[in-house]
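# Examining the three-dimensional arrangement
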Amino acid sequence: MIVRTEEILFEFDGETYNGFAGESIAAALLRVGVTHLRDAPNSQTPRGMFCVMGVCQECVVEINQRRVEACRTKVSNGLKIKRASNV
Ligand code: FES
């Protein structure tokens, strides 16, 4: 049996999704079917989670113009997340 925490709403690239307090951004997005978190700087190919433990940086997204690892950042109610821009 899965016991869920409080249900929350967050945004990713302007779309609103349901999440659960305390889960990572990566887990919340994967659960709703979003796997494209950024584009590779050179090839422009879609990137998403790989290691899911904060090592590879493949899951980087932007929150308030700061780049954060989606797998190591908790989702919260009203959080606005953007697909990471290339640097
Ligand atoms: S998936 Fe590797 S750092 Fe997040």
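The rules behind the values
- Residues numbered from 1 in each chain as written.
- Predicted model: local features only at pLDDT ≥ 70, side-chain atom pairs only at ≥ 80, totals over all residues.
- Heavy atoms only, no water.
- Core = buried A, V, L, I, M, F, W, Y, C linked by side-chain atoms within 4.5 Å.
- Buried < 20%, exposed > 50% of the residue type's maximum accessible area, 1.4 Å probe, protein only.
- Helix = DSSP H or I, 4+ residues; strand = E, 2+ residues; numbered from the N terminus.
- Contact = heavy atoms within 4.5 Å.
- Polar contact = N/O pair within 3.5 Å; in protein donor to acceptor, adjacent residues only side chain to side chain.
- Phe/Tyr/Trp six-rings, centres within 6.5 Å; stacked < 30°, edge-to-face > 60°.
- Lys NZ or Arg CZ within 6 Å of the ring centre and 35° of its normal.

## Comments concerning the nonpolar core
Ranked by size, the top nonpolar core spans 19 residues in total, and within it Phe-10, Phe-12, Ile-25, Leu-37 and Ile-81 carry the most contacts. Secondary-structure elements contributing two or more residues to this core are strand E1 (7-12), helix H1 (25-31) and strand E5 (60-63). If near-sequence neighbours (up to four positions away) are discounted, Phe-10 is found in contact with Glu-15, Thr-16, Tyr-17, Asn-18, Gly-19, Ala-28, Leu-29, Val-75, Ser-76, Leu-79 and Ile-81.

## Regarding the side chain of Glu-23
Along the chain, Glu-23 falls in the loop between strand E2 (15-20) and H1. For Glu-23, a relative accessible area of 14% gives the class buried. At a separation of 2.6 Å, a polar atom in the side chain of Glu-23 contacts the side chain of Arg-31. Discounting chain neighbours no more than four positions away, the residues touching Glu-23 are Ala-28, Arg-31, Thr-73, Lys-74 and Val-75.

## Examining the packing of aromatic side chains
For the structure shown, the criterion picks out one aromatic pair. Here Phe-10 and Tyr-17 contribute two aromatic rings whose centre-to-centre distance is 5.9 Å and whose plane-to-plane angle is 35°, an arrangement assigned as tilted. Given a relative accessible area of 19%, Tyr-17 falls into the buried group. Note that Arg-4 overlies the ring of Phe-20, its terminal NZ or CZ placed 4.7 Å from the centroid.

By themselves, these observations are geometric and do not establish any function.
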